[in-house]
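Below, each chain spelled out in residue letters.
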Amino acid sequence: TLYGTDRNEVPDIREEYINNLFQPVLIYKSPAENWGLSLKGYWDFIDYDGDPVETIQQQYGFSDWDEYGGRASIWFKFYEETQLFIGSDFWDREYDNTLIAFYADESGYSLNGGITHKFGEGKDLTAKVIYDYRAYDNVRDGADEDYSSIGGSIQYTNQASGLTRWEVEAFSRFENSERVSSSFYRDTGVRTLFYTLFSERIEASFDLNYSLLDYENAGADWQDKYLKAGVKIGYKVAEWLSVRGQYIYSKRTSDREFGEFENNLVSIYLQFRHNLFY
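The structure presented is a predicted model; accordingly, all values stated were derived computationally and were not measured.

1. Points about a nonpolar patch on the surface
Phase 1 of the analysis: Judged by side-chain polarity, Leu26, Tyr28, Trp35, Leu37, Leu39, Phe76, Phe78, Tyr79, Leu84, Ile86 and Ile115 come together as a nonpolar surface patch covering roughly 1,000 Å² of accessible area.
Phase 2 of the analysis: The set of elements that each furnish at least two residues to the nonpolar patch consists of β2 (25-29), β3 (35-48), β4 (65-79) and β5 (82-95).
Phase 3 of the analysis: Checked against the element boundaries, Tyr79 lands in strand β4.
Phase 4 of the analysis: Since its relative accessible area comes to 56%, Tyr79 is described here as exposed.

Pasting the structure below:
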């Protein structure tokens, strides 16, 4: 992902970091195409150039961490237009900073299942339910050592043609907090994306996300409101080269001091493509 685009809980106030997202995946689909299996393992880490920043009330700025985990999922075609799926994730996260790690090192697993149904050409609806469990190695006074939660999402996709796609999703899911040690929050909101190909060379997408972040296990509970909107435009210079630009606006209001920010992010990047095998 581009710098600063997918981390909605914290503003990017640190100048540089390295993020590894290496994920080997094994996928199998039956010859009759009525079921399939996916296995994934990963080692994810974030390595910042500077030291973590301590603020107030045991809230910390960014900290280096490593996470190891895996994912397994299987799907079955129930009817010609209906597909069932189930899956499981597990992970173990360790922070490099000793002070932060004491309250933030954790492990967990999740179970998920759902159904996808196609409504004619290019239209489908997916409903998903997620059970999530996390346990912390150590916790602050008054905080829970572990917690479990139920979340889910509903997504509608309309692939109107090979040129246009529209997605809309409503969701409610739990995430680890990067602001408070051994804390987490429920992210409840809506997301929409519109993509279109104007010609063989020009493409564009528009996306909008609005969330309520309800914090738990962090002393006095509080709620943040988060808005992100963006536009991306790409131009295919040649078969092997594309140039793309994007603008993303994000804003968060918060019940807690030092929790608010407003970002304007502009990025320009090149994409090179070359097929090594044919």
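2. Section: the packing of aromatic side chains
Phase 1 of the analysis: For the structure shown, the criterion picks out 13 aromatic pairs.
Phase 2 of the analysis: Note on Trp240 and Phe272: the rings are 6.2 Å apart at their centroids and 20 degrees apart in plane angle, and the pair reads as stacked. Here Trp240, found in the loop between β12 (223-238) and β13 (241-254), pairs with Phe272, found in strand β14 (residues 261-272); they are 32 residues apart in sequence, far enough to count as distant.
Phase 3 of the analysis: The class for Trp240 is partly exposed, based on a relative accessible area of 49%.

3. Looking at the side chain of Glu167
Phase 1 of the analysis: Among the secondary structure elements, Glu167 is positioned in strand β9 (residues 164-176).
Phase 2 of the analysis: What Glu167 contacts, discounting residues up to four positions off in sequence, is Gln155, Tyr156, Thr157, Arg191, Thr192 and Leu193.

4. Some remarks on the environment of Tyr133
Phase 1 of the analysis: Considering the arrangement of structural elements, one finds Tyr133 in strand β7 (residues 123-136).
Phase 2 of the analysis: Considered as a pair, Tyr133 and Tyr109 are 24 residues apart in the sequence and their alpha carbons are 5.5 Å apart.
Phase 3 of the analysis: Beyond its immediate stretch of four places on either side in the chain, Tyr133 contacts Trp91, Ser107, Gly108, Tyr109, Asp146, Tyr147 and Ser148.
Phase 4 of the analysis: At 2.9 Å, the side chain of Tyr133 and the side chain of Asp146 are in polar contact.

5. Structural notes on the side chain of Glu203
Phase 1 of the analysis: On the secondary structure map, Glu203 appears in strand β11 (residues 202-216).
Phase 2 of the analysis: According to the relative accessible area criterion, Glu203 is buried, its value standing at 18%.
Phase 3 of the analysis: Of note is the side chain of Glu203, whose polar atom sits 3.0 Å from the side chain of Arg244.
Phase 4 of the analysis: The residues contacting Glu203, other than those within four sequence positions of it, are Tyr195, Thr196, Leu197, Lys232, Ile233, Gly234 and Arg244.

6. With respect to the pairing of β3
Phase 1 of the analysis: Relative to β3, strand β1 (residues 17-22) runs antiparallel, the two being bridged by 6 bridges. When the bridges of β3 are listed, Ile18 appears paired with Asp47.
Phase 2 of the analysis: Sheet topology places β2 next to β3; 5 bridges connect them, and they run antiparallel. Bridge pairing in β3 links Lys29 to Gly36.
Phase 3 of the analysis: Between the end of β2 and the start of β3, which pair antiparallel, lie 5 residues, with Glu33 showing a positive phi angle near 60 degrees.
Phase 4 of the analysis: As judged from the 12 bridges shared by β3 and β4, these two strands associate in the antiparallel manner. Residue pairing in the sheet places Gly36 in a bridge with Trp75 of β4.

7. Some remarks on the confidence of the model for the protein chain
Phase 1 of the analysis: When pLDDT is averaged along the protein chain, the result is 84, and 88% of the positions lie at 70 or above.
Phase 2 of the analysis: Predicted confidence for residues 55-59 stays below pLDDT 50, and this span has 14 contacts to residues more than four positions away or in other chains.

8. A short note on the pattern of salt bridges
Phase 1 of the analysis: Per the stated rule, a full pass over the model turns up 11 salt bridges.
Phase 2 of the analysis: Across the pair Arg165 and Glu167 runs a salt bridge whose closest N-O atoms are separated by 3.1 Å.
Phase 3 of the analysis: Taking relative accessible area as the criterion, Arg165 reaches 24% and is therefore assigned partly exposed.
Phase 4 of the analysis: The class for Glu167 is buried, based on a relative accessible area of 13%.
Phase 5 of the analysis: Residue Lys236 pairs with Glu239 through a salt bridge whose shortest N-O separation is 3.2 Å.
Phase 6 of the analysis: Overall, the relative accessible area of 27% leaves Lys236 in the partly exposed class.
Phase 7 of the analysis: Bridged by salt links that share partners, the residues Arg165, Glu167, Glu169, Arg173 and Arg191 form one connected network.

9. Topic: unusual backbone geometry
Phase 1 of the analysis: Not every positive phi belongs to a glycine, and Glu33 is a case in point at roughly 60 degrees.
Phase 2 of the analysis: Summarising the element assignment, Glu33 is placed in the loop between β2 and β3.
Phase 3 of the analysis: Residue classification places Glu33 among the partly exposed positions, given a relative accessible area of 45%.

10. Some words on a negative patch on the surface
Phase 1 of the analysis: A contiguous patch of negative charge, built from Asp47, Asp49, Asp92, Glu94, Asp96 and Asp137, is present on the exposed surface.
Phase 2 of the analysis: For Asp137, a relative accessible area of 52% translates into the label exposed.

Criteria and thresholds
- Residues numbered from 1 in each chain as written.
- Predicted model: local features only at pLDDT ≥ 70, side-chain atom pairs only at ≥ 80, totals over all residues.
- Heavy atoms only, no water.
- Patch = residues over 30% accessible without salt bridge, like charges linked within 9 Å, V, L, I, M, F, W, Y side chains within 5 Å.
- Areas by Shrake-Rupley, 256 points an atom, 1.4 Å probe, with all protein chains shown as cover.
- Salt bridge = Lys/Arg side-chain N within 4 Å of Asp/Glu carboxyl O.
- Helix = DSSP H or I, 4+ residues; strand = E, 2+ residues; numbered from the N terminus.
- Buried < 20%, exposed > 50% of the residue type's maximum accessible area, 1.4 Å probe, protein only.
- Phe/Tyr/Trp six-rings, centres within 6.5 Å; stacked < 30°, edge-to-face > 60°.
- Contact = heavy atoms within 4.5 Å.
- Polar contact = N/O pair within 3.5 Å; in protein donor to acceptor, adjacent residues only side chain to side chain.
- Pairing = 2+ DSSP bridges.
- pLDDT = per-residue confidence, 0-100.
- Lys, Arg positive; Asp, Glu negative; His and termini not counted.
- Charge placed at Lys NZ, Arg CZ, Asp CG, Glu CD.

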